[in-house]
Amino acid sequence: MQHMNNIVLIGFMGSGKSSVGKLLAEQTHRTYIDLDQKIEEDTGDTIPNIFKNEGEEGFRKRETEVLRALSSREGTVISTGGGIVERKENHDVLKEHGPVIYLHASFEEISARLEDDESRPLWSKPEVERKNLLEKRLPVYKECADELVNTDHKSINDVVNEIESLIKS
Ligand SMILES: Nc1ncnc2c1ncn2[C@@H]1O[C@H](COP(=O)(O)OP(=O)(O)O)[C@@H](O)[C@H]1O
Ligand SMILES: O=C(O)C1=C[C@@H](OP(=O)(O)O)[C@@H](O)[C@H](O)C1
Ligand SMILES: [Mg+2]
């Protein structure tokens, strides 16, 4: 059964899942959970180091474990990492946690937001690879989502308000 008082955010790196999730949790009196933050707390290491030491596969394994471990949680906003949709086995788990909101952003907007970012190993790849990754994931985000919110040219606050209206309706 879907837990309706959780809200799950998915979307590409830089779409705003962590910033929007934190504010949305505050405004709706929910507990904020960020899967990346949880992985860093559990391992005592940074995401770039986990990628370096365990490879992307090691990180994905941890990500799935952390996602599954949330199954008893209620009243939360769950911000996922952009690659949560990479493993098909995560799709059903996402939906079980609550309504899934896909935060969309264009490649141009994401590039502006993550201009000097060095904390995301997959964003450090050449531009063509980053573009291909976004193109590849786009339909998967849509397939996994109950609602889509386009975040281009919107403030974090605007996005939070839009999600609040969606979950009320
Ligand atoms: N709607 C927005 N407008 C402007 N900047 C944004 C917006 N959403 C996120 N950002 C900025 O983009 C960067 C990445 O945001 P973050 O919340 O970490 O995204 P994600 O968790 O989806 O990777 C941060 O510097 C954040 O302040
Ligand atoms: O898109 C991805 O594969 C990743 C996105 C990151 O999270 P954000 O989407 O919060 O940046 C983080 O989980 C890791 O660097 C991998
Ligand atoms: Mg994030």
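Only a predicted model underlies this, so the values are computations on that prediction, with no experimental measurement involved.

Calculation rules
- Residues numbered from 1 in each chain as written.
- Chains lettered and ligands numbered in written order.
- Predicted model: local features only at pLDDT ≥ 70, side-chain atom pairs only at ≥ 80, totals over all residues.
- Heavy atoms only, no water.
- UniProt positions renumbered as here; feature names shortened; annotations may be inferred.
- Helix = DSSP H or I, 4+ residues; strand = E, 2+ residues; numbered from the N terminus.
- Contact = heavy atoms within 4.5 Å.
- Buried < 20%, exposed > 50% of the residue type's maximum accessible area, 1.4 Å probe, protein only.
- Pairing = 2+ DSSP bridges.
- Expected span 1.5 Å × (residues − 1).
- Arc of directions from axis to C-beta.

Before going further, it helps to spend a moment on the UniProt feature "binding site: Mg(2+)" (unreviewed entry) in the chain. The feature "binding site: Mg(2+)" (unreviewed entry), as given by UniProt, occupies S18 in the numbering adopted here. Mapped onto the fold, S18 is located in helix 1 (residues 17–28). Contacts of S18, omitting those with residues within four sequence positions, involve Y32, D34 and S79.

This part covers the pairing of strand 4 (residues 100–104). Within strand 4, five of the five residues are buried, which leaves the element mostly enclosed by the surrounding structure. The alternating pattern of strand 4 places V100, Y102 and H104 and I101 and L103 on opposite faces, both of which are buried. Relative to strand 4, strand 1 (residues 7–10) runs parallel, the two sharing three bridges. Each residue of the ladder has a partner; that of V8, found in strand 4, is V100. Where strand 4 lies against strand 5 (residues 147–150), four bridges are found, and the strand directions are parallel. What sits directly across from L103, in strand 5, is V149.

Another aspect to go through is helix 7 (residues 156–168). The first and last C-alpha atoms of helix 7 sit 19 Å apart over 13 residues, in line with the 18 Å expected at 1.5 Å per residue. Within the span of helix 7, buried status applies to V159, V160, I163 and E164. The arc enclosing the buried residues of helix 7, seen along the axis, measures out at 140 degrees, which places them on a common side. If you follow the buried residues of helix 7, they end up packed against strand 1, helix 1, strand 4 and strand 5.

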